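Spelled out from the first residue to the last, the chains are:
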Amino acid sequence: MLTGYRTIARNGEHEIEIRRSRFRCLLSRVDDEDAARAVIAARRKEHWNATHNCTAYVLGAASDKQKSSDDGEPAGTAGVPMLEVLRRRELSDVVAVVTRWFGGVQLGAGGLIRAYGQAVAETIDLFGTVALRPCRLVTVAVDFPQAGRIEHALRDSAYPVLAAGYTDRARFEVAVAEEALPEFTEWAVTISNGAAELVHGELTYVEGRQ
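Residues numbered from 1 in each chain as written. Predicted model: local features only at pLDDT ≥ 70, side-chain atom pairs only at ≥ 80, totals over all residues. Heavy atoms only, no water.

Novice: Please clarify how the overall build of the protein chain should be interpreted in this entry.
Specialist: Looking only at helices and strands, one finds 5 helices and 10 strands in the protein chain. Against the 2.2 N^0.38 benchmark of 17 Å for 210 residues, the protein chain shows a C-alpha radius of gyration of 22 Å, more extended than a compact globule. Classification of the 210 residues of the protein chain by burial places 45% in the buried group. A fraction of 72% describes how many contacts in the protein chain between residues 6 or more apart in sequence connect residues 24 or more apart. Across the protein chain, 25 positive and 29 negative side-chain charges occur, with their mean positions spaced 7 Å apart. (Helix = DSSP H or I, 4+ residues; strand = E, 2+ residues; numbered from the N terminus. Rg over C-alpha atoms; globule rule 2.2 N^0.38 Å. Buried < 20%, exposed > 50% of the residue type's maximum accessible area, 1.4 Å probe, protein only. Contact = heavy atoms within 4.5 Å. Lys, Arg positive; Asp, Glu negative; His and termini not counted. Charge placed at Lys NZ, Arg CZ, Asp CG, Glu CD.)

So, in structure tokens, the structure goes:
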């Protein structure tokens, strides 16, 4: 049974300084490896003059795609501790890039591991995390005379409205937790006086309401 997962609440960056070396961490939500690579490439282009741009990412609802890079730092001292922080926090669909400007003082393997891990951990703490829960996309279609009332009821409900469209009928794409589908169906039929047409679509993940 799919139970959902966590990711960062919002993108952002945060910098720490350790013995005159600067470590600037960027965290970004991504949907797939192409998006993660694009974030990494853009960061390396932006900070081309930095000493290192080390990376780690975790992808997928099952966190089954994971990768890290030390980008020239001693093996296992940068990307791996960054990845370990993401794993320990049980985050997915996130890429971390820590850019380092060397300050002239060698930190040693242990110092590097702590610094890169700290940079990621502090950035996560600063920008927060959010739960993503599995939901079924349900399209609710009604005739135009009912559209305003139904849309208002949907947006005022606990069911997130992801999209709205108006063609031959008004259609609202709603995210509904799998276990709530019978309750939602009954509710939609009631508020529309039986006039709503419901079509179940694919599974997706949406931010859970706190």
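Novice: Would you explain helix H1 (residues 33–46) in this entry?
Specialist: What sets the pattern is the α-helix's 3.6 residues per turn: residues three or four places apart point alike. An ideal rise of 1.5 Å per residue puts 20 Å on 14 residues; H1 measures up with 20 Å between its terminal C-alpha atoms. Of all the positions in H1, only Ala36, Val39, Ile40 and Arg43 are classed as buried. Buried residues in H1, looked at end-on, bunch into an arc of 95 degrees, giving them a common side. Structural note: H1 exposes Asp34 and Lys45 on the side pointing more than 90 degrees away from its buried face. Looking at the buried residues of H1, the elements they touch are strand S2 (12–18), strand S3 (21–29), strand S4 (52–59) and strand S6 (94–101). A side-chain oxygen of the first residue of H1 lies 3.3 Å from the backbone nitrogen of Asp34; this N-cap is Asp32. (Expected span 1.5 Å × (residues − 1). Arc of directions from axis to C-beta. Polar contact = N/O pair within 3.5 Å; in protein donor to acceptor, adjacent residues only side chain to side chain.)

Novice: What's the story with the state of the cysteines in this structure? I'm lost.
Specialist: Linking two cysteines covalently via their sulfur atoms produces the bond known as a disulfide. Considering all chains together, one arrives at 0 disulfides under this definition. Cys54 forms no disulfide, and the closest cysteine sulfur to it belongs to Cys25, at a distance of 11 Å. (Disulfide = S-S within 2.5 Å.)

Novice: Any chance you could explain the pattern of salt bridges here in plain terms?
Specialist: Side chains that differ in sign of charge can pair as their charged atoms come close. Overall, the coordinates contain 16 salt bridges when judged by the stated rule. A salt bridge links Glu15 to Arg24; the nearest nitrogen and oxygen atoms lie 2.8 Å apart. Overall, the relative accessible area of 31% leaves Glu15 in the partly exposed class. A salt bridge links Glu73 to Arg100, with the shortest nitrogen-to-oxygen separation between them at 2.9 Å. With Glu73 in the loop between strand S5 (65–69) and helix H2 (79–88) and Arg100 in strand S6, this pair connects stretches of sequence that are 27 residues apart. Overall, the relative accessible area of 8% leaves Glu73 in the buried class. Three or more residues are tied together by salt bridges with common partners; here these are Glu13, Glu15, Arg22, Arg24, Arg43 and Glu46. (Salt bridge = Lys/Arg side-chain N within 4 Å of Asp/Glu carboxyl O.)

Novice: Before we go on, may I ask you to explain unusual backbone geometry in this structure?
Specialist: One non-glycine residue, Arg19, lies in the positive phi region at around 50 degrees. You can call Arg19 exposed: its relative accessible area is 53%. Positive phi is not limited to glycine here, since Ser63 has a value of about 55 degrees. Its location among the elements puts Ser63 in the loop between S4 and S5.

Novice: How should I be thinking about the sheet that holds S2 in this particular structure?
Specialist: Hydrogen bonds along the backbone pair up the strands of a sheet, which may run parallel or antiparallel. Ordered by their spatial adjacency, 5 strands build an open sheet running S2-S3-S6-S4-S5, and the pairing between neighbours is antiparallel. One side of each edge strand has no neighbouring strand; the edge strands of this open sheet are S2 and S5. Taking each pair of neighbouring strands and ignoring which way they run, the sheet shows an average axis angle of 15 degrees. Pairing analysis gives 5 bridges linking S4 to S5, with the strands arranged antiparallel. Paired with Ala56 across the two strands is Ser68, which belongs to S5. Relative to S4, H1 is tilted by about 165 degrees, and along the sheet it contacts S2, S3, S4, S5 and S6. The sheet strands contacting helix H3 (residues 108–127) are S2, S3, S4 and S6, and the helix crosses S2 at an angle near 145 degrees. (Pairing = 2+ DSSP bridges. Axes fitted to C-alpha atoms, helices over the stretch in contact; angles between N-to-C directions.)

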